[in-house]
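Spelled out, the chains give:
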Amino acid sequence: MRNRLHELWQYRDLIRNLVTRDVKVRYRNSLLGIAWSWINPLLMMAVYTVVFTVLTGDQDGTPNYPVFILSALLPWNFCATAIAQTTNCILDGAHMIKKAYFPREILPMTAVASNLINLLLSLPVFFLLAVAMGNPISAWVLLLPIVILIQTAFVLGLGMLTATLNVFYRDTQIIMNVLLLAWFFLTPVFYSINHVPETYTVWGMDLAVRRYLQWVNPMASIIAAYRDLLYYGAPTGWDFLLRTAVTSFAVLMGGYAVFQRYSWRFSEEV
Amino acid sequence: MDTAIRFEGVSKQFVARHAGPRSFQELAVGLPRQQERAQVAFWALREIDFEIAPGETVGFIGPNGSGKSTLLKLIARILAPTCGWIEVNGRIGPLLELGAGFHPDLTGRENVFLNGSLLGLRQVEVHKQFDAIVAFAELERFIDMPVRHYSAGMSLRLGFSIAAHVSPDILLVDEVLAVGDEAFQRKCLERMETFRQAGCTIVFVSHDLRTVERLCARAFWLAEGRIRHTGPAHEVVARYLAAVEEGR
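Residue positions are counted from 1 within each chain, in the order its sequence is given. Both sets of labels track the order of writing: A upward for chains, 1 upward for ligands. Only residues with pLDDT of at least 70 are given local features in this predicted model, and only at 80 or more are side-chain atom pairs given and counted; all residues enter the totals for whole chains, interfaces and linings. Side-chain numbers here rest on the full set of heavy atoms in the structure, without hydrogens or water.

> Which residues make up the packing of aromatic side chains, and what are the values?
Each Phe, Tyr or Trp ring (for Trp, its six-membered ring) is paired with any other whose centre lies within 6.5 Å, and the angle between the two planes then decides the class: stacked below 30 degrees, edge-to-face above 60, tilted in between. Evaluation of the coordinates by the stated rule reveals 27 aromatic pairs over all chains. Seen in terms of ring centroids, A:Phe154 and A:Trp183 are 6.1 Å apart; in terms of plane orientation they differ by 70°. Their pairing is edge-to-face. Taken together, the residues A:Phe154 in helix H7 (residues 144-168) and A:Trp183 in helix H8 (residues 171-186) connect sequence positions 29 residues apart. The residues A:Phe154 and A:Trp183 share a single accessibility class, namely buried. Ring pairs connect the aromatic residues A:Tyr48, A:Phe52, A:Trp76, A:Phe154, A:Trp183, A:Phe184, A:Phe185, A:Phe190 and A:Tyr191, which therefore count as one cluster. Note on criteria: charge over ring means Lys NZ or Arg CZ within 6 Å of the ring centre, with the direction from the centre no more than 35 degrees off the ring normal. A cation sits over an aromatic face here: A:Arg261 above A:Tyr262, 5.0 Å from the ring centre. Lying across the ring of B:Phe136, B:Arg191 places its NZ or CZ 5.8 Å from the centre. The helix count covers DSSP runs of H or I at least four residues long, the strand count covers runs of E at least two residues long, and both are numbered beginning at the N terminus. For the exposure calls, accessible area comes from a 1.4 Å probe over protein chains only, and a residue counts as buried if that area is under 20% of its type's maximum, exposed if over 50%, partly exposed in between.

Pasting the structure below:
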């Protein structure tokens with residue numbers, strides 16, 4: 001393990017160059033360039049706001065709904081784009097894998113890192129919107145880095161798992177598109193976790209729906225934590241966040257173990 | 001450290017692509033009748049033993065599909081051996097798949113840094129070598145242009161130039177010289193000669209037997225994944241040629 005970390009350290013320039021490449025290439029041939037990292041979430045926020053306040057009126061009771069949605073949309077976008085990109089990262093990097101030896105985990109790491117940078121670049125637009133709409137910002141946002149760290153660990157772990165799977169079964173990337181969409185609806189992004197009923201009765205059985213959702217879906221807790229800190233300006237449920245942290249780092253270790261187990265075969269399979 | 005590269009009983013097996021299930025559907029359908037599925041396994045190399053001393057220039061010759069490129073990729077750690085033991089001492093300069101790994105949207109300059117770090121070079125080292133790399137590739141006028149506008153020859157020249165400036169202890173050369181024009185080929189050979197005089201180990205794979213004879217002291221003749229013959233380069237080349245003549 002220490003040897004692996006030492007080797008990664010040796011290749012730190014490669015990691016930096018690959019991340020810079022990703023960020024540069026993303027906006028290089030576009031007119032508005034880096035401004036898209038602000039415009040894009042704002043446009044999506046506008047769509048959700050129109051759908052859920054004007055068209056259906058579902059969320060009329062939520063004050064500052066645009067701020068409410070954006071506080072969850074930014075971390076969700078990070079999760080979805082990072083996992084989609086990481087799933088494909090080994091195939092996308094095939095030309096590099098066939099050319100030289102380097103620690104293969106650099107590819108998922110850079111895919112996640114460049115999306116993380118995108119999240120950090122887009123955060124200021126949230127604060128601008130919150131100030132403009134008069135949504136108070138409390139000192140609790142200073143705890144945001146902890147939540148971001150937990151989410152990054154989770155996304156990287158899951159991404160390494162799907163990336164490995166995708167090398168051997170190309171169906172993975174297709175299935176991931178559907179799964180990410182389903183996952184989006186099962187995660188309280190455009191609704192609040194408090195809108196999920198505590199219990200739901202099916203065929204006489206009482207199901208603790210909200211508890212299940214939070215147990216099965218770490219993203220639910222992560223998004224809820226973001227929203228607590230950013231939108232409500234309140235401390236988040238720490239016991240819950242701690243459990244999510246443990247889950248996330250377990251996913252990271254598991255994903256890394258699987259990735260390491262099979263990475264020597266990547267150059268033959270891509 | 002009296003050895004640069006050592007192979008001990010190294011074998012490499014490839015399982016052909018269509019043999020394993022490539023999709024979940026095939027996996028699900030294939031599970032009940034797993035025994036029926038023919039394993040299309042192919043031994044690219046079998047029980048290879050050799051040792052190359054630091055500073056030696058060694059050539060590998062043999063017909064297509066005899067395992068030469070696989071052998072280079074094993075030395076470069078791009079592939080892992082199925083069984084056996086490989087020891088490699090020193091930094092490797094892989095002249096393999098040159099020009100691959102360039103990103104079309106980035107400029108030549110950006111790609112030099114990216115490719116340099118891919119070969120394990122530190123950023124500062126690339127900085128130091130940058131002018132030399134560009135000058136050797138003769139791309140001064142085009143270095144700030146996106147690589148998508150480069151011709152195949154330009155990419156190749158840049159690729160060779162980067163790999164040739166990583167100051168490797170072991171240089172792996174796989175048939176790349178066949179692609180550039182006459183002048184550039186000569187330049188590359190000169191560069192390799194400089195490396196050799198500087199004490200660099202060179203492993204050379206080529207169909208150009210005359211170059212092998214001229215550059216290499218020792219040669220290996222690979223056939224069907226095994227070492228058929230080894231010895232002084234001119235002797236191995238002569239035997240190989242004789243066998244090819246006979247086979248005709």
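Picking up where we left off.
> Break down unusual backbone geometry for me, citing the residues and quoting the values.
A positive phi angle is found at A:Asn64, which is not glycine, with a value near 50°. As for its position among the elements, A:Asn64 is in the loop between helix H3 (36-55) and helix H4 (65-92). Positive phi, normally seen in glycine, also occurs at B:Glu47, with a value near 45°. Secondary-structure assignment places B:Glu47 in strand S2 (residues 41-52).

> How would you summarise the sheet that holds S2(B) if you had to cite specific residues and measurements?
Residue and element names in this part refer to chain B. Here, a strand pair is defined by DSSP locating no fewer than two bridges between the strands. Here we have 3 strands laid out as an open sheet, ordered S2-S1-S4, and antiparallel in their pairing. Only two strands of the sheet have a single partner each, and these edge strands are S2 and strand S4 (83-88). Geometrically, the sheet is characterised by an average inter-axis angle of 25° between neighbouring strands, direction not taken into account. Pairing analysis gives 8 bridges linking strand S1 (residues 5-15) to S2, with the strands arranged antiparallel. Residue pairing across strands places Gln 13 opposite Trp 43, the latter belonging to S2. Contact criterion: two residues are considered in contact whenever any of their non-hydrogen atoms come within 4.5 Å of each other. Inter-axis angles, ranging from 0 to 180 degrees, are taken between N-to-C directions of lines fitted to C-alpha atoms, where helices are fitted over the stretch in contact. This element, helix H2 (residues 68-75), spans S1, S2 and S4 of the sheet and lies at about 120° to S1.

> Before we move on, can you summarise the packing of H4(A) against H7(A) with the specific residues and values?
A pair of packed helices is captured by two measures, namely the crossing angle of their axes and the spacing between those axes. Residues and elements named next belong to chain A. Between H4 and H7, the shortest axis-to-axis distance is 7 Å and the interhelical angle comes to 30°. The angle between H4 and H7 places the two elements in the roughly parallel class. Considering how the two elements wind past one another, H4 and H7 form a crossing that is right-handed. Residues Pro 75, Phe 78, Cys 79, Ala 82, Ile 83, Thr 86, Thr 87, Asn 88, Cys 89, Ile 90 and Leu 91 of H4 form the contact with H7, whose own contacting residues are Gln 151, Thr 152, Val 155, Leu 158, Gly 159, Met 160, Thr 162, Ala 163, Asn 166 and Val 167. Working rule for angles: under 35 degrees goes down as roughly parallel, over 145 as roughly antiparallel, 65 to 115 as roughly perpendicular, anything else as oblique. A crossing counts as left-handed when the near helix is turned anticlockwise from the far one by less than a right angle, and as right-handed when that turn is clockwise.

> Tell me what's going on with the pattern of salt bridges, and back it up with residues and numbers.
The term salt bridge refers to a pairing of a side-chain nitrogen on Lys or Arg with a carboxyl oxygen on Asp or Glu at a separation within 4 Å. Counting across every chain of the model gives 18 salt bridges over all chains. Residues B:Glu87 and B:Arg6 are paired through a salt bridge, measuring 2.8 Å at the closest nitrogen-oxygen approach. In this pair, B:Glu87 is assigned in strand S4 and B:Arg6 in strand S1, connecting sequence segments 81 residues apart. The partly exposed category is assigned to B:Glu87, whose relative accessible area is 23%. A residue is classified by how much of its surface remains accessible, and B:Arg6, at 25% relative accessible area, is partly exposed. Between B:Lys187 and B:Glu138 there is a salt bridge whose closest N-O contact spans 2.7 Å. A residue pair is termed long-range when its members are at least 10 positions apart, and B:Lys187 in helix H6 (residues 182-197) and B:Glu138 in the loop between helix H4 (123-137) and helix H5 (152-164) qualify at 49 residues. Among the ionic contacts, a cluster of salt bridges with common partners joins A:Arg4, A:Glu7, A:Glu105 and B:Arg77.

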